[in-house]
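Descriptive structure summary
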Amino acid sequence: MIPVLHTERLTLRGPEARDYSAFRDFFLSDRSQYTGGPYEDAKKAWLLFAAELGHWQLRGFGMWTVELEGDPIGLVGCWYPDQWPEREIGWLIWEEHEGKGYAYDAALAARAQCYGPFGWDTAVSYIHRDNARSIALAERLGCTIDNAAQHPNPDALVFRHPSPSEVAA
């Protein structure tokens, strides 16, 4: 059972098949350049979307679809695929919804779930070194660069989230 989270403006719920078209469009666009895209065709987007759904089954946590007034506007949440160095809190907000604080709101809710019910004692965000918007969001969330941490790709910076005790203070 995937928990449903709420912020003042948003609902975070498990991903569903109806979310695929917006996900696919993001990964076919230039905005996905920092997350492995843009893809030449929808095949890779389909496989990644299936991984998002399956991640919940395999790990018991995953990325939530972020809804604004019933419409999906991105994915935010937990990511820890096989061979990943650490558990990550990640975010993808569709381009037309960027810059409105939605990723921040959703990431705070996801982190609270990770540090609370999921029992995590630390989290990172792997961010492409050229992704200024995501770096700014990580800093707004109180994250700091952790140069000693392993990363899944040489273009990624590792941003360490404040610990559960620091967030609660």
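Residues numbered from 1 in each chain as written. Predicted model: local features only at pLDDT ≥ 70, side-chain atom pairs only at ≥ 80, totals over all residues. Heavy atoms only, no water.

**Quick look at the packing of aromatic side chains**
Applying the stated criterion across every chain, the model contains 11 aromatic pairs. With a centroid separation of 5.2 Å and 75 degrees between ring planes, the pair formed by W56 and W64 is classed as edge-to-face. With respect to burial, W56 and W64 carry one shared label: buried. Connected via pairs of aromatic rings, a cluster forms that spans Y20, F23, F26, W46, F49 and W94. Sitting over the ring of Y104, R140 keeps its end group 3.7 Å from the ring centre. (Phe/Tyr/Trp six-rings, centres within 6.5 Å; stacked < 30°, edge-to-face > 60°. Buried < 20%, exposed > 50% of the residue type's maximum accessible area, 1.4 Å probe, protein only. Lys NZ or Arg CZ within 6 Å of the ring centre and 35° of its normal.)

**Observations regarding the nonpolar core**
The biggest cluster of nonpolar side chains holds 33 residues, and the ones touching the most others in it are L10, L12, V76, W91 and W120. Broken down by secondary-structure element, the contributors of at least two residues to this core are β3 (63-68), β4 (71-79), β5 (88-93), α3 (102-115), α4 (132-140) and β8 (156-160). Considering each element in turn, this core owes the most residues, nine residues, to α3. The residues contacting L10, other than those within four sequence positions of it, are L5, V66, E67, L68, I73, Y102, D105 and A106. The next biggest cluster of nonpolar side chains, apart from the first, holds 12 residues, and it includes F26, A45, L92 and W94. (Core = buried A, V, L, I, M, F, W, Y, C linked by side-chain atoms within 4.5 Å. Helix = DSSP H or I, 4+ residues; strand = E, 2+ residues; numbered from the N terminus. Contact = heavy atoms within 4.5 Å.)

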